[in-house]
Amino acid sequence: MNILAINGSHRKGKNTAVMLQAVLDEAARAGAETELVELTDYNIKPCLACNRCLGKTECSIKDDDMGVLAEKMLAADGIVLGSPVYWSNVTGLMKNFIDRTRWMHMARNLLHGKVGGAVTHAGLRNGGQEHALAIIERFLVAQGLILVDTRDQESGICNGGAMGTMFNNLEEGKISWKRGVHEDLLALEECRRLGRNMVEMIKRLGRA
Ligand SMILES: Cc1cc2nc3c(=O)[nH]c(=O)nc-3n(C[C@H](O)[C@H](O)[C@H](O)COP(=O)(O)O)c2cc1C
C-alpha cells in the first residue's frame, strides 16, 4: 500500500509539510509505504489551455516535471494534498499543479477509486481554512478519489480534513501566536486520524 503526500507550500518542511508528515507517519505505523513530495522541488509549467486533454488522456506539455508527479500519483493507493491558506484559497503552486492534472480527468478519471485526504494550514483563526480545504476536497472528488476525513469511531468531534492555525489564545488582552504547527496538538491529532482512516479505507476497498 502506497500513500503519497503532496505539499503546495512555498516553504519546504514548514507547517503544511509537518502536518502531511504526521499523516504519513501514522499511515506508515499502520503498514503503508509513504512519500512526501514538495511541489517547490518540481518544475511545473502553467496549463496552456490547448484543450488537447479533452479528447485524449494526454498533456501537450512534455518538458517539465509533471510526468514524474503523474507517475507517482498513478502508482499510489492514497493521495493526501496539503496547502497553506493564501488569500482564503490554496497557494498558486497548488492551483497550478491542480490545473495540470486535467488530462488525468477529462477523457477518463485515471485516479478513480484511490483514497484521498486534505490538509490545510493558516495563519489566522478564521482565515479561510474551510475554503481552501473545500477546494482541495472538490478537486479530489472530481478526480474520482474516495474522500476520507479525520473522524473516528470513538470520538465523533472531527469532521472534514485536517486544519491548523497559528492563532493561539488571548493572553492579557493580546492575541498570542503558536510558534509552529508542532504546538497545535489538535491539528496534529487530526492528521494522525486522517492517516489511520486512509489506511483503513484502502484496506476496506481491497486495494491492499
Ligand atoms: C501570500 C500569503 C497569503 C496568505 N493568506 C492567508 C489567508 O488568507 N488567511 C490566513 O489565515 N493565512 C494566510 N497566510 C498565512 C499562511 O497560511 C501561514 O503562514 C501558513 O502557516 C503557511 O504555511 P507553511 O508554513 O506550510 O508555508 C498567507 C501567507 C502568505 C505568504
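Structure: above.
On a predicted model such as this, the values are computed, not experimentally measured, just so you know.

Helices and strands together make up the secondary structure of the protein chain, namely five helices and eight strands. Helices and strands in the protein chain line up, N terminus first, as β-α-β-α-β-α-β-α-β-β-β-β-α. Computed over C-alpha atoms, the radius of gyration of the protein chain comes to 17 Å, within 12% of the 17 Å expected from 2.2 N^0.38 for 208 residues, which places it in the range of a compact globule. C-alpha extents for the protein chain along the principal axes are approximately 60 × 35 × 25 Å.

A few words now on the pairing of strand E3 (residues 78-84). Two faces, one strand: in a regular strand the side chains alternate between the faces of the sheet. Of all seven residues in E3, seven are buried; the element is thus mostly enclosed. By the alternation rule, side chains of E3 split into Gly78, Val80, Gly82 and Pro84 and Ile79, Leu81 and Ser83, which are all buried. Where strand E1 (residues 2-7) lies against E3, five bridges are found, and the strand directions are parallel. From the neighbouring strand, Ile6 faces E3, where its bridge partner is Leu81. Taken together, E3, helix H3 (residues 92-100) and strand E4 (residues 115-122) constitute a β-α-β crossover, and its handedness is right-handed.

Counting residues in each nonpolar core, the largest one holds 31 residues, and the members touching the most others are Ile6, Leu39, Met73, Ile79, Leu81 and Phe97. For this core, the secondary structure elements donating two or more residues are E1, helix H2 (66-75), E3, H3, E4 and helix H4 (129-142). With five residues, the single largest contributor to this core is H4. Aside from chain neighbours lying at most four places away, what touches Phe97 is Ile6, Leu39, Ile44, Met66, Leu69, Met73 and Leu81.

Right, let's get into the packing of helix H1 (residues 15-29) against helix H5 (residues 185-204). Taken N-terminus to C-terminus, the directions of H1 and H5 make an angle of 40 degrees; their axes are 7 Å apart at the nearest point. As the angle between them shows, H1 and H5 are arranged oblique. Note on packing geometry: the crossing formed by H1 with H5 is right-handed. Only Ala187, Leu188, Cys191, Arg192, Leu194, Gly195, Arg196, Met198 and Val199 of H5 make contact with H1, whose side of the interface consists of Val18, Met19, Ala22, Val23, Glu26 and Ala27. Split by residue class, the contact of H1 with H5 holds eleven nonpolar, one polar and three charged.

Quick look at the side chain of Gln129 now. Relative to the elements of secondary structure, Gln129 occurs in helix H4. In this structure the side chain of Gln129 is engaged in a polar contact, spanning 3.5 Å, whose partner is the backbone oxygen of Arg125. Apart from the residues within four sequence positions on either side, Gln129 is in contact with Val85, Thr120, Ala122, Leu124, Met163, Gly164 and Thr165.

Between its terminal C-alpha atoms H1 stretches 21 Å, which fits the 21 Å expected from 15 residues at 1.5 Å a residue. Looking at the buried positions of H1, the neighbouring elements they touch are E1, strand E2 (33-38), E3, E4, strand E6 (162-165) and H5. The first or second residue beyond H1 is Gly31, which carries a positive phi of 110 degrees.

Quick notes on the rules
Residues numbered from 1 in each chain as written. Predicted model: local features only at pLDDT ≥ 70, side-chain atom pairs only at ≥ 80, totals over all residues. Heavy atoms only, no water. Helix = DSSP H or I, 4+ residues; strand = E, 2+ residues; numbered from the N terminus. Rg over C-alpha atoms; globule rule 2.2 N^0.38 Å. Buried < 20%, exposed > 50% of the residue type's maximum accessible area, 1.4 Å probe, protein only. Pairing = 2+ DSSP bridges. Right-handed = clockwise from strand over helix to strand, strands pointing away. Core = buried A, V, L, I, M, F, W, Y, C linked by side-chain atoms within 4.5 Å. Contact = heavy atoms within 4.5 Å. Axes fitted to C-alpha atoms, helices over the stretch in contact; angles between N-to-C directions. Parallel < 35°, antiparallel > 145°, perpendicular 65-115°, else oblique. Left-handed = near helix turned anticlockwise from the far one by under 90°. Nonpolar A, V, L, I, M, F, W, Y, C, P; charged D, E, K, R; others polar. Polar contact = N/O pair within 3.5 Å; in protein donor to acceptor, adjacent residues only side chain to side chain. Expected span 1.5 Å × (residues − 1).

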